[in-house]
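Per-entry structural report
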Amino acid sequence: MRLKNLALPLVAALLVAACDSGSSLPEATGKGSIRAINAMASAPEVSFLIEERSLGTADFRQATSLVEYDDLTYTFNFETFFAGDTALTRFATRNLDVVADMDYIMVLTGSLANASVLLWETPQRAFTATDTVFEARFAHTSESLGTVDYYFAAPGTAPVLGEEIATLAFGEISGVADYAAGDYVLTVTAGDDPTDILFQSDTTTLVAATQYTISTFDGGPNTFAPIIARAYPTTASVLTFADSNYPATVEFINGSLDLGTVDIYDDETQTSLVVDDLAHKGISAELNLVAGNNEISYTPSDVNSPVLIEATVNFFKGIRGRVVSVGETDTLRAVAYNPDRRGVDTHAKLQIFSATSNFSFVSVFAIEPDAVLDTQAPILSSLTSGAASANLPLAPGSYDLYLRETLGTENLAVPLRIDVEIGDVVHAIIYDNVDPAIVDFELLPINP
């Protein structure tokens, strides 16, 4: 028995000795930084992981936060939700030997069914407090464009062949260069043709002591501008370069039962009429507005007074916005938001705006057609009056959409029947009815 008792300590000692005399685990000598950019126009929000640990999520044109890890070897994974699933699906993987003092960006391109992970890397820059320059490199992730030339210069500088700072094909990235901090315009032209301008930004200010990665993307259905550029800095917030040739656009919806039929002006003096005779539930065409702050005023149709609503709305150049008037007689207001028109490859999207004043919070249920709403959980709880919901993912199929006051048991409207496929986008709105006990639940047209 005594020999048996000695067996386990002896084995343990031998194992320790073997580990001491054999190979050892790699040791870190420093750290590198890494993040991911989602450049897949048809993908939803994706999760970025180091091994099985989440590093954040990124929607189209977004980047995850910059994180640092030891200079060891890792497997990085990308996952997302598909409609009807209860767990994330892994669709891309890339291994990386992290080197100390390097900055890495993994860029998702292609589609979920055929994803590619590009790797952009550059040495980390140690700026000093007295530095007056920034470092920039330029990348091409706009799938609609072929090989293009990039120009980056002070405002008012016309592109001239030979002065381009990079000529890039899709997926390529330039080397780094230093620039004096200040105002710049980014111009993208067809290759070897500076007269064929594909994108030209507004003046954008870039700050000293920062490393920027600047890349172009396709605009998509949420913008009239065909190309958008973004700068991903190492020490500041992401910058969006608006195309100076495309104004902000907005459609107006009269969502207030108490407002009546109105005219809408885009100035405080009611001289610049942009919409006339907009009745309850009326929807205007998409109209151009000056980017930035716009002073919007509503008056009764065909008269300049009284001013029923005064509001400041702000839209980015090229972006397709929406303004909905809501409220009762004493609480009239205009709500601006950016509706999402971009379809994705994993599910259909449903976005709902609540313009009702009679119900402060409503819940939305999606059930099989003609089924009885019983114990099903809502797909959206407590949608606030005067607000738009987040995108609600739906699997392909037919649904009856029910509305109830949050914590209520009575249906507020006739169920709204929708039929959706992967990639569909559905917008709906909740209006007050002349009967305050019910609402009108209607689909909104989505202009292409």
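Residues numbered from 1 in each chain as written. Predicted model: local features only at pLDDT ≥ 70, side-chain atom pairs only at ≥ 80, totals over all residues. Heavy atoms only, no water.

Details of the pattern of salt bridges
Evaluated as defined, the whole model comprises 17 salt bridges. Between Asp400 and Arg417 there is a salt bridge, with the nearest N and O atoms lying 2.3 Å from each other. Of this pair, Asp400 sits in strand 32 (residues 397-405) while Arg417 sits in strand 33 (residues 416-420); the two residues are 17 residues apart in sequence, bridging distant segments of the chain. Through salt bridges with shared partners, a single network forms among Glu251, Glu286, Arg320, Arg322 and Arg341. (Salt bridge = Lys/Arg side-chain N within 4 Å of Asp/Glu carboxyl O. Helix = DSSP H or I, 4+ residues; strand = E, 2+ residues; numbered from the N terminus.)

So, the sheet that holds strand 23 (residues 292-300)
Pairing is antiparallel across the open sheet formed by 4 strands, whose spatial order is 21-20-23-24. The outermost strands of the open sheet, each flanked by one partner alone, are strand 21 (273-278) and strand 24 (309-315). Strand-to-strand, the axes of this sheet are offset by a mean angle of 20 degrees, without reference to chain direction. Sheet topology note: the strand 20 (residues 262-265)/strand 21 ladder contains 3 bridges and is antiparallel. By the bridge assignment for strand 21, Tyr265 is matched with Leu273. (Pairing = 2+ DSSP bridges. Axes fitted to C-alpha atoms, helices over the stretch in contact; angles between N-to-C directions.)

Some points on the confidence of the model for the protein
Looking at the protein as a whole, its pLDDT mean stands at 92, while 94% of the residues score no less than 70. In this model residues 1-21 is a low-confidence stretch, pLDDT under 50, and it forms 0 contacts with partners more than four residues away in sequence or in other chains. (pLDDT = per-residue confidence, 0-100. Contact = heavy atoms within 4.5 Å.)

Let's talk about the pairing of strand 25 (residues 320-326)
Across the 7 residues that make up strand 25, a large majority, 7, are buried. One ladder, built from 6 bridges, connects strand 19 (residues 248-254) with strand 25; its direction is parallel. When the bridges of strand 25 are listed, Phe252 appears paired with Val323. Bridge analysis of strand 25 against strand 26 (residues 333-337) gives 5 bridges, and the strand direction is antiparallel. Looking at the pairing, Val323 lines up with Ala336 of strand 26. What sits between the antiparallel neighbours strand 25 and strand 26 is a turn of 6 residues, in which Gly327 has the positive phi angle 105 degrees. (Buried < 20%, exposed > 50% of the residue type's maximum accessible area, 1.4 Å probe, protein only.)

Quick notes on the environment of Val439
If you trace the backbone, Val439 turns up in strand 35 (residues 439-444). By relative accessible area, which is 4% here, Val439 ends up buried. Separated by 55 residues in the primary sequence, Val439 and Thr384 have C-alpha atoms spaced 14 Å apart. Apart from the residues within four sequence positions on either side, Val439 is in contact with Thr356, Phe359, Leu403, Leu412, Ala413, Ile430, Tyr431, Asp432 and Asn433.

A few points about unusual backbone geometry
Along the chain, Ser305 connects to Pro306 via a cis peptide bond; the corresponding omega equals -5 degrees. For Pro306, the location among the structural elements is in the loop between strand 23 and strand 24. Of note, the phi angle at Asp277 is positive, near 55 degrees, even though the residue is not glycine. The phi dihedral of Ser382 is positive, around 60 degrees, even though this residue is not glycine. Checked against the element boundaries, Ser382 lands in strand 29 (residues 380-384).

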